[in-house]
2 protein chains.
Amino acid sequence: MPTPPFPRPEDAENAFYEALEKGDLEAMMAIWADDEDVVCIHPDGQRLCGHAQIRHGWQSLFASAPRLTVRIGERVAWLGGMLAVHSLQETFFAEGDPEPRGPVLVTNVFIRGSDGWRLLSHHASPGAEEGNGDTDGDAQPRVLH
Amino acid sequence: MPTPPFPRPEDAENAFYEALEKGDLEAMMAIWADDEDVVCIHPDGQRLCGHAQIRHGWQSLFASAPRLTVRIGERVAWLGGMLAVHSLQETFFAEGDPEPRGPVLVTNVFIRGSDGWRLLSHHASPGAEEGNGDTDGDAQPRVLH
C-alpha cells in the first residue's frame, strides 16, 4: 500500500482504490486532504462534507458491502499546478459473483500540498450503461501548467 | 447574458445556469472549453464526451424538458491557477409547479485559457435528500495559488 503524501495525483487515486478494495478505513482517510471542505458523494446520492462525515460514510460502507475489486476505465485526466481532476468509470466485481456491477461514474479532484497530492473531492454516481471496459489507467494526464 | 471567455470561473458557471434556464443551446455550447476531452454527465447517468455528444445531449434535454429555473446552494469552490472546481447542489423549479425538484449534486470543473475561464467537466447526479436551501453563490472561492 503506498502511503501519503503522494508524488502524483494518480498515486493518490491508486491508493484510494486499494483502500476501497481492502475496506481499510484508516488508509482511506489518510488519502484525503487536510481541508475542512473535502466532499465525498456516494452513488446512493449522499453528499458528505468534512472528515467526520466522510469517515462515517466509508465506515458504514465497509461494514455492509461485500469484498469488492474495482476496474477503472475511460479515464480522462487534467493536471494543473495545484489541482488535478480525473473523470473515470468504476466497474465492481463482488467476491464469488462473475457479473460486473456498474458502471459508476466518478469525478476525483486532487490538491497539491507542500509535500504531495491528496484527495479533495470524490463524486460517484450510477452510470446508465456498461462502458467498453477499456482500462487506460496508465494514460498520461494532460499537463496544463 | 455574459459572453465567453469569462474572467472568473463563477462567471462561466453563472452563464451555464443562465443558458440552462433559457434552453439556449448556442450559449450553452459557447461556455465549454475548446478541449477534445470535455465531459458532461447528466443526472440520468449518461456520460457524454466531446463537443458533439455534449451538444446532442443538451439539444435533447432542451427539446424535452419543461422551462426550469435553478437555485444553487451548498457551494464549495476551489481555485487553482489553471483549474477551478465547484461542488454544489442544484434545485429546480418547473414553470407552474411550486414543488422543487432535486437536489441534483454537481461537480463543475473549469479551465483557464489565455483569455479566461471555460467549462471542462460537468458531473450531475441525483441527490438523496433536499439540501437546506442556503444559497451561497456569492461565497468567495478558496485561492490555492
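Scope of this entry: the structure provided in the associated data block. None of the values given here were measured: they were computed from a predicted structure. Along each chain, residue indices are assigned from 1 in the same order as the chain's sequence is written. Ligands are numbered from 1 and chains lettered from A, in the order in which they are written. Since the coordinates come from a predicted model, pLDDT governs what is reported: local features require at least 70, and pairs of side-chain atoms require 80 or more to be given and counted, while whole-chain, interface and lining totals use all residues. Derived side-chain values reflect all non-hydrogen atoms in the structure, with water molecules and hydrogen atoms excluded from consideration.

### Things to note about the interface of chain B and chain A
Part 1: Contacts are assigned to residue pairs with any non-hydrogen atoms lying within 4.5 Å of each other. Facing the 36 residues of chain B at the interface are 36 residues of chain A.
Part 2: The term buried area denotes the loss of accessible surface (1.4 Å probe radius) that occurs when two parts are joined, taken as the sum for both partners. Across the chain B to chain A interface the summed buried area is about 2800 Å²; carbon plus sulfur atoms make up 61%.
Part 3: We define a salt bridge as a side-chain nitrogen of Lys or Arg found within 4 Å of a carboxyl oxygen belonging to Asp or Glu. The tally of links between chain B and chain A comes to zero salt bridges.
Part 4: Here a polar contact is recorded for every N or O atom pair within 3.5 Å, except that within protein the pair must consist of a potential hydrogen donor and a potential acceptor, and residues adjacent in sequence are included only if both atoms are side-chain atoms. Counting across the chain B and chain A interface gives ten residue pairs in polar contact (both at pLDDT 80 or more).
Part 5: Strands are runs of DSSP state E lasting at least 2 residues, helices are runs of H or I lasting at least 4, and numbering of each runs from the N terminus. Those elements that provide at least two residues to the side of chain B that touches chain A are strand S1 (39-41), strand S3 (68-79), strand S4 (83-94), strand S5 (101-113) and strand S6 (116-126) of chain B.

### Notes on the nonpolar core
Part 1: In terms of nonpolar packing, the biggest core is built from 88 residues, with A:Met28, A:Trp32, A:Trp58, B:Met28, B:Trp32 and B:Trp58 touching the most fellow members.
Part 2: Not counting residues up to four positions away in its chain, the partners in contact with B:Met28 are B:Phe16, B:Ala19, B:Leu20, B:Trp58 and B:Phe62. Definition of nonpolar core: a set of buried residues of the types Ala, Val, Leu, Ile, Met, Phe, Trp, Tyr and Cys, connected through side-chain atoms within 4.5 Å. Three labels apply to residues, based on accessible area from a 1.4 Å probe with only protein chains included: buried if under 20% of the type maximum, exposed if over 50%, partly exposed otherwise in between.

### Remarks on unusual backbone geometry
All names here are of chain A.
Part 1: The step from glycine 102 to proline 103 runs through a cis peptide bond, and the omega angle for that step is 5°.
Part 2: Along the chain, proline 103 turns up in strand S5 (residues 101-113).
Part 3: Here the phi dihedral of glutamate 74 falls at roughly 55°; this positive angle occurs in a residue that is not glycine.
Part 4: When you line up the elements, glutamate 74 lands in strand S3 (residues 68-79).

### Some remarks on the state of the cysteines
All names here are of chain A.
Part 1: In plain terms, two cysteine sulfur atoms within 2.5 Å form what is called a disulfide here. Scanning the model with the defined rule gives zero disulfides over all chains in all.
Part 2: As a non-bridged cysteine, cysteine 40 has cysteine 49 as the owner of its nearest cysteine sulfur, 9.6 Å distant.
Part 3: Among the residues examined, cysteine 40 registers a relative accessible area of 0% and is labelled buried.

### Overview of the packing of aromatic side chains
Part 1: Here a Phe, Tyr or Trp ring, Trp counted by its six-membered ring, pairs with any other such ring whose centre lies within 6.5 Å, and the pair is stacked when the planes are under 30 degrees apart, edge-to-face when over 60, and tilted otherwise. Across all of its chains, the model carries six aromatic pairs over all chains by this definition.
Part 2: Ring centres 5.6 Å apart and planes at 35° place the aromatic pair A:Trp58 and A:Phe62 in the tilted group. Of this pair, A:Trp58 and A:Phe62 both sit in helix H3 (residues 50-64), separated by four residues, roughly a single helical turn. Here the two residues A:Trp58 and A:Phe62 agree in accessibility, since each one is buried.
Part 3: Geometrically, the ring pair formed by B:Phe16 and B:Tyr17 is edge-to-face, given 4.8 Å between the ring centres and 90° between the ring planes.
Part 4: The exposure class of B:Tyr17 is buried, given its relative accessible area of 7%.

### A few points about helix H1 (residues 9-22) of chain A
Residue and element names in this part refer to chain A.
Part 1: Any helix carries an expected span of 1.5 Å times its number of residues minus one. With 14 residues, H1 should cover 20 Å at 1.5 Å per step; its first-to-last C-alpha distance of 20 Å lies within 8% of that length.
Part 2: Buried residues dominate H1, accounting for ten of its 14 residues.
Part 3: Along H1, the residues that are buried comprise Pro9, Glu10, Asp11, Ala12, Glu13, Ala15, Phe16, Tyr17, Ala19 and Leu20.
Part 4: If you follow the buried residues of H1, they end up packed against helix H2 (25-31), H3, S3, strand S4 (83-94), S5 and strand S6 (116-126).
Part 5: Directly beyond the C-terminal end of H1, a positive phi value near 65° is found at glycine 23.

### What to know about the pattern of salt bridges
Part 1: Under the definition given, this model contains twelve salt bridges over all chains.
Part 2: Salt-bridge contacts for A:Arg101 lead to A:Asp97; the nearest nitrogen and oxygen are separated by 3.6 Å.
Part 3: Among the residues examined, A:Asp97 registers a relative accessible area of 28% and is labelled partly exposed.
Part 4: With a shortest N-O distance of 3.0 Å, B:Arg8 and B:Asp11 are connected by a salt bridge.
Part 5: B:Arg8 sits in the partly exposed class, given a relative accessible area of 40%.
Part 6: Counted as one network, the salt bridges with shared partners bring together A:Arg8, A:Glu10 and A:Asp11.

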